[in-house]
Amino acid sequence: MPANHFNTHCPDWAEALLNGFSQIFLQRHPLCGLLCLLAILFTAPVLFAGALLGAVAGLLTAQRRNYAKADRQAGLFSYNGVLVGLLLSLYFPWSPMLPPLILAAGGLSAMITQQWLKRTRLSEYLPAYTAPFVLLSWVFLCFAEPATPAPALELNTLNLLGAALKGLGQVMFLDHPLAGALIAAGLLIADRRAFAWAMAASAIGLGSSLLHHDSQVALLGLGGYNAVLAALAFSTQRQQPWLPLFGIGLALLVTPLFGALGLATLTAPFILACWLLRTGIRLMRQPELNAAPCADGENQPRLR
């Protein structure tokens, strides 16, 4: 569904903020972002302020540093700030120091994103995705208290259905089926193909966790969220419909690597899987580029 009608009634700053929430799921759609925002508000209100502060910090930093308006409006400087704000609100108790920390981290994530964007556009640099969030979070988690284990869930049909939705919500640390349902609705509005791949990836991640006898990981949706993001990253590739499936498989394959290294998983498997897949595609295309005929002497290419 086009976002144009919604945009005509949405101020620029609000559109940029909402796009920041939708960009967590690699979409640019304010209504999708609004539903992601409501998913946080309705299912984890204690995280809402942190998410909003992180988004505002990223946007204000981009405005003050005069980053490209098109990128600001697309939400590219806000989504990492949202995720950092969510993580800090989840792992650290609220205190007078927490809001300034979220604002500083959100602003820093925007600056990292800008430098990454510049390199991506100047050369064939790999996309940042959520790398700024992951790098900052690994530092912050060194000072966090260990998380309290979630209560065990019974393996039944209702919990399995809920787990498929939780696979979407866990991208934003949300473990309630309602959060996943709101995000799924946002994806359906933004891009039906993205919605279909996200639901399929969550189901595949759920099945993979059950096959590995990790029933609690499966029922909490923790086995599927990286697969969801990897599928969304390649869901627009209509000429190569197998790419999202490869992304899902790679994300599931590399996930145990981060636990073995003693690092928090976060969205790192999604990033690594996408980088590996993009690098592989580039290497496969290289022989074709090298074999392309050169221009003859009468039609030499001109330098610009």
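Residues numbered from 1 in each chain as written. Predicted model: local features only at pLDDT ≥ 70, side-chain atom pairs only at ≥ 80, totals over all residues. Heavy atoms only, no water.

A.B. asks: Describe empty space enclosed by the protein, naming the residues involved and giving the relevant values.
C.D. replies: Taken as a whole, this structure holds one cavity of 30 Å³ or more when the rule is applied. What the largest cavity holds in volume is close to 30 Å³. A163, G167, S202, G205, L206, A218, G221, L222, G223 and G224 are the residues that line the largest cavity. Considering every element that reaches the lining of the largest cavity, the biggest residue donor is helix 11 (residues 192-211), with three residues. (1 Å grid on protein atoms, 1.4 Å probe; cavity = no way out; pocket = protein on both sides within 12 Å on 5 of 7 lines; lining within 4 Å. Points joined across faces, edges and corners; volume = space filled by probe spheres on them. Helix = DSSP H or I, 4+ residues; strand = E, 2+ residues; numbered from the N terminus.)

A.B. asks: Got a sec to walk through the UniProt feature "transmembrane region" (unreviewed entry) in the protein? Specific residues and values, please.
C.D. replies: Annotation from UniProt places "transmembrane region" (unreviewed entry) at residues 37-62, 74-92, 98-117, 129-148, 168-190, 217-236 and 248-277. Taken end to end, residues 37-62 is 96% helix and 0% strand, and its two terminal C-alpha atoms sit 21 Å from one another. Secondary structure over residues 168-190 splits into 70% helix and 0% strand, and the C-alpha atoms at its two ends are 15 Å apart. (UniProt positions renumbered as here; feature names shortened; annotations may be inferred.)

A.B. asks: Tell me about the domain arrangement of the protein, residues and numbers included.
C.D. replies: Domains assigned within the protein are domain 1 (12-142) and domain 2 (157-287). Once you take the C-alpha centre of each, domain 1 and domain 2 turn out to be 20 Å apart. At the junction of the two partners, domain 1 supplies 33 residues and domain 2 supplies 33 residues. Between domain 1 and domain 2 lies a buried interface of about 2,900 Å² when both sides are counted; carbon and sulfur atoms form 81% of it. Looking at the side of domain 1 facing domain 2, the largest losses of area belong to F25, Y129 and W138, adding up to 23% of the total buried there. Run the count over domain 1 and domain 2 and you get zero salt bridges. In this assembly, domain 1 and domain 2 are joined by four residue pairs in polar contact (both at pLDDT 80 or more). (Domains from an automatic or database assignment. Contact = heavy atoms within 4.5 Å. Buried area = accessible area lost by both parts, 1.4 Å probe. Salt bridge = Lys/Arg side-chain N within 4 Å of Asp/Glu carboxyl O. Polar contact = N/O pair within 3.5 Å; in protein donor to acceptor, adjacent residues only side chain to side chain.)

A.B. asks: Break down the environment of A105 for me, citing the residues and quoting the values.
C.D. replies: Along the chain, A105 falls in helix 7 (residues 98-122). Taking the C-alpha atoms as reference points, A105 and T236, 131 residues apart in sequence, are found 31 Å from one another. Those residues in contact with A105 that lie beyond four places of it in its chain are V84, L88, L136 and F140.

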